[in-house]
Amino acid sequence: MSEVRVRYAPSPTGMQHIGGVRTALFNYLFARANGGKFILRLEDTDRTRYGEEYVQNLYDTLDWLHIEWDEGGPKGGEFGPYVQSERFDLYKEYAQKLIEKGEAYYCFCDSERLNRIRLIQQKNKMPPGYDRNCRHLTPEEVQENLDKGIPHVIRLKVPLEGVTKFRDALLGDIEWKNEDISPDPILLKSDGFPTYHLANIIDDHFMKITHVMRAQEWIPSTPLHVQLYRAFGWEPPVFCHLPMVNGNDGHKLSKRHGATSVNEFRARGYIPEALINYVGMLGCSYEDGRDMYTLSDMEKLFKIEHMNKAGAVFDYKKLEWFNGQYMRNFTDAQLVDNVLPFITGTGSAAIPINASDTFPAPKVGPEWSGIAYVDNDPKTGKLVLADQSMRKIVCGDENADTNVQDKAIREKLLEVAPLIKERLHFLTDAAEMVSFLFKTVKIPSVEQIIPKRLDKEKTKEVLEQAIKYIEAMPALDHEGQEQLARDTSKEMGIKMGDFMMPIRWAVTGSRVSPPLMGSIMILGTDIAINRVNAALAEF
């Protein structure tokens, strides 16, 4: 087999989404597994929806996911340009060659006639498509129309009888009746723009693409593409139509199922390695049956025969599990580096998302964490307290400057990292989880503090005992602290959870926080006692 050359050729008309990323990833993995090349090409002929921001999003997404392409984009290459709008002369030249070979023809039908045909077909429940009127024009009639300057397109002559066959590397032999192929589709529009089909085939041929790996929704277009290769006299590449990515209802993955754009996953605190690991297993298995694979692992193990023919279901809970596993594997310093954008509301956390009641916006940034960058600019590299009244508590100095604040904040974050690591589902969870260390805790209402199994008087008693408990904590190791909590709750005739929950509310201002005992030790017992006393004052 000659050198494997595959491509990812998106249309820059929207943000990159999971289905496209899965296609890019499988092409990339196939190239790496076979020592080949992965080409990035822009199919930008849809100028009405084209946007430079979508081009940049493509590059940013692949960079974020560590999917490195070999040719195309800013890298260029010997088979460029890799942007369709820069290759129009080539498309016109080869469309004209099909005319000369008798494989295509000029069509002079105007929009009025085409609309009339469409209405007749709809009224009589006929199959849609062009009626091939201009296919039967004589050379003299064609020349006369050209001389008059009548607007025209170029259409492919699809065989009227027989079948088109091709072999799919995953699905096997596929056969399509020629009468079921779109009748004589347009190859070159009247404005000189190529249609997708013409540009796609010409680009794949001249870029020496050996394998076309794309979603199964493209199967109906493949017989037409095979016919185009036949018309040019070119050898088609190997086709491989990938299983679809569906939601849990069996329908194609869409916004109603949750996040689908990669930007949305980024902003909601997913780790690129987790997303790659999970997406790489959508419709594909690997030799040793593990769950956790790095990109490097998959590059070595990927094979077409390990892919499934049926569609894959995108399971957000399973992806969440992967996300958690990768976060658990971080060192404390790595975890801090990864959560900082979400704690400060910068980087990925600043990407706009489609928030709704079903999928609310994550709680990120200084408003939730109490931590910001100086002047809200991560380029400064210095962290400051959003609430400067916390300087005494966090830094030990109510006049602490930015240097002292940055050092103190980073030390606190490193201390709390082991505690939050086991509790995080997403990187976005961190901002609210660490806030008790860096923000003035709002005193919760009495109603919030009272556990379901206790009343107001018993809860007040718990808080009074909590002060004694917190005072005793520094002299004990973690096991001793737990034992003391169990003994105290037993003496009070309540469950340990009902003893700890009011303390958690008082100390952290939330019912959800890192492990309470470790949190109190990092915060400081004096501050924790002050917060418990403030809560007691409400009773």
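Quick caveat, the model's predicted, so the values are computed rather than measured. (Residues numbered from 1 in each chain as written. Predicted model: local features only at pLDDT ≥ 70, side-chain atom pairs only at ≥ 80, totals over all residues. Heavy atoms only, no water.)

Visitor: Before we move on, could you go through the state of the cysteines and cite the residues and values that matter?
Guide: Under the criterion given, the structure shown has zero disulfides. Cysteine Cys 134 is unpaired, with the sulfur of Cys 109 as its nearest cysteine sulfur at 3.6 Å. Take Cys 134: its relative accessible area is 5%, and that puts it in the buried class. (Disulfide = S-S within 2.5 Å. Buried < 20%, exposed > 50% of the residue type's maximum accessible area, 1.4 Å probe, protein only.)

Visitor: Now, about helix 19 (residues 478-492): what can you tell me, with residues and values included?
Guide: Helix length check: helix 19 (15 residues) gives 21 Å between terminal C-alpha atoms against 21 Å at 1.5 Å per residue, within 8%. By the burial criterion, the buried members of helix 19 are Gln 481, Ala 485, Thr 488, Ser 489 and Met 492. Taken end-on, helix 19 shows its buried residues confined to a sector of 95°, consistent with a single buried face. Pointing more than 90 degrees away from the buried face of helix 19 are the exposed residues Glu 479, Lys 490 and Glu 491. Where the residues of helix 19 are buried, they touch helix 18 (456-472), helix 20 (496-508) and helix 21 (516-523). (Helix = DSSP H or I, 4+ residues; strand = E, 2+ residues; numbered from the N terminus. Expected span 1.5 Å × (residues − 1). Arc of directions from axis to C-beta. Contact = heavy atoms within 4.5 Å.)

Visitor: Outline the packing of aromatic side chains, supporting the account with residue identities and numerical values.
Guide: Taken as a whole and assessed by the stated rule, the structure comprises 23 aromatic pairs. Relative to Trp 234, the ring of Tyr 94 lies with its centre 5.8 Å away and its plane at 50°, an arrangement referred to as tilted. In this pair, Tyr 94 is assigned in helix 3 (residues 88-101) and Trp 234 in the loop between helix 7 (222-232) and strand 9 (238-242), connecting sequence segments 140 residues apart. Considering the side-chain rings of Phe 232 and Trp 234, the 4.2 Å spacing of their centres and the 10° angle between planes classify their relative orientation as stacked. Trp 234 gets classed as buried once you look at its relative accessible area, which sits at 14%. Taken together, Phe 265, Tyr 270, Tyr 278, Phe 314, Tyr 316, Trp 321, Phe 322 and Phe 426 form an aromatic cluster joined through their ring pairs. Above the face of the Trp 69 ring, Lys 75 is positioned so that its terminal group lies 5.2 Å from the ring centre. (Phe/Tyr/Trp six-rings, centres within 6.5 Å; stacked < 30°, edge-to-face > 60°. Lys NZ or Arg CZ within 6 Å of the ring centre and 35° of its normal.)

Visitor: Break down the pairing of strand 4 (residues 153-156) for me, citing the residues and quoting the values.
Guide: Along strand 4, one buried face is formed by Val 153 and Arg 155 and the opposite face, lined by Ile 154 and Leu 156, is buried too. Relative to strand 4, strand 3 (residues 104-107) is paired through four bridges, and the arrangement is antiparallel. Across the sheet, Tyr 106 pairs through a bridge with Ile 154, a residue of strand 4. Relative to strand 7 (residues 186-188), strand 4 runs antiparallel, the two being bridged by two bridges. Residue pairing for strand 7: Arg 155 is matched across the bridge by Ile 186. (Pairing = 2+ DSSP bridges.)

Visitor: Lay out the nonpolar core with the relevant residues and their values.
Guide: Core analysis: the largest hydrophobic core is formed by 121 residues, its most contacted members being Met 307, Phe 314 and Leu 413. Considering each element in turn, this core owes the most residues, nine residues, to helix 1 (residues 18-33). Contact partners of Leu 413, with chain neighbours within four places excluded, come to Val 336, Leu 340, Ile 343, Ile 371, Leu 383, Val 434 and Phe 438. Counting 37 residues, the second largest nonpolar core, distinct from the first, contains Ile 39, Phe 108, Ile 174 and Ile 202. (Core = buried A, V, L, I, M, F, W, Y, C linked by side-chain atoms within 4.5 Å.)

Visitor: Got a sec to walk through the pattern of salt bridges? Specific residues and values, please.
Guide: Counted according to the given criterion, the structure contains 29 salt bridges. In this structure, the salt-bridge partner of Lys 407 is Glu 411, at a minimum N-O distance of 2.6 Å. Here the residue Lys 407 and the residue Glu 411 both occupy positions in helix 15 (residues 402-421), the gap between them amounting to four residues, near one helical turn. On the accessibility criterion, Lys 407 (52% relative accessible area) is exposed. Sharing partners across several salt bridges, the network here consists of Arg 7, Arg 41, Glu 43, Arg 87, Asp 203 and Asp 204. (Salt bridge = Lys/Arg side-chain N within 4 Å of Asp/Glu carboxyl O.)

Visitor: Tell me about the pairing of strand 2 (residues 37-40), and please be specific about residues and values.
Guide: Where strand 1 (residues 5-8) and strand 2 come together, four bridges link them in parallel fashion. In the sheet register, Arg 5 faces strand 2, and the bridge partner there is Lys 37. Tracing the backbone out of strand 1, into helix 1 and back to the parallel element strand 2 gives a crossover that is right-handed. (Right-handed = clockwise from strand over helix to strand, strands pointing away.)

Visitor: I'd like to hear about the packing of helix 18 against helix 19, residue by residue, with values.
Guide: Between helix 18 and helix 19, the shortest axis-to-axis distance is 11 Å and the interhelical angle comes to 150°. Of the possible angle classes, the one that applies to helix 18 and helix 19 is roughly antiparallel. Viewed along their axes, helix 18 and helix 19 form a crossing whose handedness is right-handed. Residues Lys 458, Glu 461, Val 462, Gln 465, Tyr 469 and Ala 472 of helix 18 touch helix 19, and the partners they reach there are Gln 481, Leu 484, Ala 485, Thr 488 and Met 492. Looking at the contact of helix 18 with helix 19 residue by residue, the class counts come to six nonpolar, three polar and two charged. (Axes fitted to C-alpha atoms, helices over the stretch in contact; angles between N-to-C directions. Parallel < 35°, antiparallel > 145°, perpendicular 65-115°, else oblique. Left-handed = near helix turned anticlockwise from the far one by under 90°. Nonpolar A, V, L, I, M, F, W, Y, C, P; charged D, E, K, R; others polar.)

Visitor: Account for the environment of Val 446, with residues named and values stated.
Guide: Relative to the elements of secondary structure, Val 446 occurs in helix 17 (residues 446-449). Placed 213 residues apart in sequence, Val 446 and Gly 233 show a C-alpha to C-alpha distance of 81 Å. Ignoring anything within four residues of it in the chain, the contact list for Val 446 reads Lys 456, Glu 538 and Phe 539.

Visitor: Report on the packing of helix 18 against helix 20, specifying residues and quantitative values.
Guide: In the contact formed by helix 18 and helix 20, the axes pass within 9 Å of each other and the chain directions differ by 80°. Between helix 18 and helix 20, the angle is such that the two are roughly perpendicular. For the pair formed by helix 18 and helix 20, the contact residues are Thr 459, Val 462, Leu 463, Gln 465, Ala 466, Tyr 469 and Ile 470 on the first element and Asp 498, Phe 499, Pro 502, Ile 503 and Ala 506 on the second. Taken together, the residues of the contact of helix 18 with helix 20 break down into nine nonpolar, two polar and one charged.

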